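Below are the chains, spelled out letter by letter.
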Amino acid sequence: MALRDRTTPPSELGTLERGTRQRAQLRVRLMDIGWTALCTVLALWAVWSALGVANGTTDWAYCAVACVLLAVTLSLRVATVRRRTRV
């Protein structure tokens, strides 16, 4: 049996060359990961500063900024997903 016969068959992902379907899917997946990471960080920041406000510290400004940024980010994320499904 030759060494060539033992190799695994190519995966269904194919190459990531320009113009391939996998390359377009990779771009969308990376954008999804980025949006998710940003929303997670902003949500954690909002919760952390809200707990600071509840404990009596003066973190209300940080809490307000975090909530506004989270709302903007989530609305942009929803708009991006809707636009992608229409296309």
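For the structure, check the block above.
As a convention, each chain's residues are numbered from 1 in the sequence order in which they are written. Predicted model: local features are reported for residues with pLDDT of at least 70 only, side-chain atom pairs are reported and counted for 80 or more only, and whole-chain, interface and lining totals are derived from all residues. Just so you know, side-chain values use all the structure's heavy atoms and leave hydrogens and water out.

**Q** So what exactly am I meant to see when it comes to the pattern of salt bridges here?
**A** In a structure, side chains of opposite charge can pair up when their charged atoms sit close to one another. The term salt bridge refers to a side-chain nitrogen of Lys or Arg lying within 4 Å of a carboxyl oxygen of Asp or Glu. The tally for this structure, following the rule as stated, stands at 2 salt bridges. Note that Asp32 is salt-bridged to Arg77, the shortest N-O span being 3.1 Å. In this pair, Asp32 sits in helix α2 (residues 21-54) while Arg77 sits in helix α3 (residues 60-86), placing the two residues 45 residues apart along the sequence. Among the residues examined, Asp32 registers a relative accessible area of 21% and is labelled partly exposed. A salt bridge links Asp32 to Arg84; the shortest N-O distance between them is 3.0 Å. Taken together, the residues span a long stretch of sequence, with Asp32 in helix α2 and Arg84 in helix α3 at a distance of 52 residues. The network of salt bridges with shared partners includes Asp32, Arg77 and Arg84. Secondary structure elements follow DSSP: runs of H or I of four or more residues count as helices, runs of E of two or more count as strands, with numbering from the N terminus. Residue exposure (1.4 Å probe, protein chains only): buried if accessible area is under 20% of the type maximum, exposed if over 50%, otherwise partly exposed.

**Q** Honestly, α3 in this entry has me stumped. Any pointers?
**A** Residues that lie three or four places apart on an α-helix share one face, since the helix turns once every 3.6 residues. Helices are assigned an expected span. That span is 1.5 Å times one less than the residue count. In this model, α3 (27 residues) spans 39 Å end to end at C-alpha, consistent with the 39 Å of a helix rising 1.5 Å per residue. Those residues of α3 lying buried are Cys63, Ala66, Leu70, Thr73, Arg77 and Thr80. Its buried side turned inward, α3 meets α2. Residue contacts follow a heavy-atom distance rule, with two residues in contact if any of their heavy atoms lie within 4.5 Å.

**Q** Just checking my understanding: could you explain α2 for this structure?
**A** Along its 34 residues, α2 runs 49 Å from first to last C-alpha, staying within 8% of the 50 Å computed at 1.5 Å per residue. Those residues of α2 not exposed but buried are Cys39, Leu42, Ala46, Ser49 and Gly52. Downstream of α2 by one or two residues, Gly56 has phi in the positive range, about 95°.

**Q** Help me understand the packing of α2 against α3 in this model?
**A** Angle between the axes and distance between the axes: these two values describe a pair of packed helices. Each axis is a line fitted through C-alpha atoms, and for a helix only the stretch in contact is used; angles between axes span 0 to 180 degrees, taken between their N-to-C directions. In the contact formed by α2 and α3, the axes pass within 8 Å of each other and the chain directions differ by 155°. By the angle between their axes, α2 is roughly antiparallel relative to α3. Viewed along their axes, α2 and α3 form a crossing whose handedness is left-handed. Here roughly perpendicular refers to angles of 65 to 115 degrees, roughly parallel to angles under 35, roughly antiparallel to angles over 145, and oblique to all remaining angles. Left-handed describes a crossing whose near helix is turned anticlockwise from the far helix through less than a right angle; right-handed describes the clockwise counterpart.

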